[in-house]
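# Notes for the structure review
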Amino acid sequence: MSTATVRSARRDELDDLLELYRQLNPDDPELAPEAVTDRWASILADDDLDVVVVEHDDRLVATCLLSVTKNLTRGARPFAVIENVVTHEGYRGGGFGRRCVEGAVERARERDCYKVMLLTGSDAAWKHDFYESCGFDRDAKTGFTIDLG
């Protein structure tokens, strides 16, 4: 694992990210890179978004999206949300997902966020255990969502 690097995604890695996202949400319609090039450029240019990746042996093996939101409570400190957490199926269990989530949390800390939130739609106990092992508390708050899909 010593060869794993946590960093921000680069412009030329859209294909690799889309491959990981297909593993995260296999029922989503497949996006052709040329169809989302403008959206990808917009994401990369947004200072409040960071696509965190873990590279291992010249391959992206894990990613998550960190979104930082400006705020007027808590001393005007921002808060962050982590979304789209996925580790390549062939690399799960190797600590890459943890390195990715911890890297995102560290970036939120560097931005002076007062909290980081993360939701999962999965009932899988191993996923809940994973997030708790990364420092998240499933009992600290109650999450609600509305699916606008």
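Let us look at the structure shown here. Just so it is clear, the model here is predicted, and its values are computed rather than measured.

Our focus in this paragraph is the environment of Val86. With respect to the helices and strands, the residue Val86 is situated in strand S4 (residues 79-87). Accessibility expressed as a relative area gives 4% for Val86, which makes it buried. Distance in space between the C-alpha atoms of Val86 and Cys100 is 9.1 Å, their sequence separation being 14 residues. Ignoring anything within four residues of it in the chain, the contact list for Val86 reads Leu20, Tyr21, Gln23, Leu24, Val61, Ala62, Thr63 and Arg92.

Tracing the backbone through its elements, the reader meets Thr63 in strand S3 (residues 59-69). Overall, the relative accessible area of 1% leaves Thr63 in the buried class. Separated by 2.8 Å, the side chain of Thr63 and the backbone oxygen of Val52 make a polar contact. Sequence-distant contacts of Thr63, that is, excluding residues within four places in its chain, are made with Leu17, Leu20, Tyr21, Val51, Val52, Val53, Asn84, Val85, Val86 and Cys100.

Another aspect to go through is the nonpolar core. Of all hydrophobic cores here, the largest spans 23 residues; its most connected members are Val54, Cys64, Leu66, Ile82, Val85, Val101 and Phe136. The set of elements that each furnish at least two residues to this core consists of strand S2 (49-56), S3, S4, helix H3 (96-110) and helix H4 (125-133). The dominant element in this core, judged by the number of residues it contributes, is H3, at six residues. Excluding its chain neighbours within four sequence positions, the residues that come into contact with Leu66 are Asp48, Leu49, Asp50, Ala80, Val81, Ile82, Ala104, Arg107 and Ala108. Core analysis: the next-biggest nonpolar cluster, separate from the first, contains 12 residues, Leu17, Leu18, Val51 and Val86 among them.

So, on to the sheet that holds strand S1 (residues 5-8). Within the open sheet, the five strands sit side by side as S1-S2-S3-S4-S5. Their pairing is mixed. This sheet does not close on itself; its edge strands, each paired only once, are S1 and strand S5 (116-118). Recorded for the sheet is a direction-independent mean angle of 25° between the axes of neighbouring strands. Where S4 and S5 come together, three bridges link them in parallel fashion. Paired with Ala80 across the two strands is Val116, which belongs to S5.

A separate point is the state of the cysteines. The full count for this structure, using the stated rule, is zero disulfides. Free cysteine: Cys64, not disulfide-bonded; nearest cysteine sulfur from Cys100 at 3.7 Å. This cysteine, Cys113, is not joined by any disulfide, and Cys64 carries the nearest cysteine sulfur, 13 Å off.

What follows concerns the pattern of salt bridges. A complete count under the given rule lists 13 salt bridges for this structure. Its salt-bridge partner being Asp48, residue Arg111 comes within 3.1 Å of it at the nearest N-O pair. A residue pair is termed long-range when its members are at least 10 positions apart, and Arg111 in the loop between H3 and S5 and Asp48 in the loop between helix H2 (37-45) and S2 qualify at 63 residues. Across the pair Glu132 and Arg138 runs a salt bridge, and its minimum N-O distance is 3.0 Å. The partly exposed category is assigned to Glu132, whose relative accessible area is 34%.

What counts and what doesn't
Residues numbered from 1 in each chain as written. Predicted model: local features only at pLDDT ≥ 70, side-chain atom pairs only at ≥ 80, totals over all residues. Heavy atoms only, no water. Helix = DSSP H or I, 4+ residues; strand = E, 2+ residues; numbered from the N terminus. Buried < 20%, exposed > 50% of the residue type's maximum accessible area, 1.4 Å probe, protein only. Contact = heavy atoms within 4.5 Å. Polar contact = N/O pair within 3.5 Å; in protein donor to acceptor, adjacent residues only side chain to side chain. Core = buried A, V, L, I, M, F, W, Y, C linked by side-chain atoms within 4.5 Å. Pairing = 2+ DSSP bridges. Axes fitted to C-alpha atoms, helices over the stretch in contact; angles between N-to-C directions. Disulfide = S-S within 2.5 Å. Salt bridge = Lys/Arg side-chain N within 4 Å of Asp/Glu carboxyl O.

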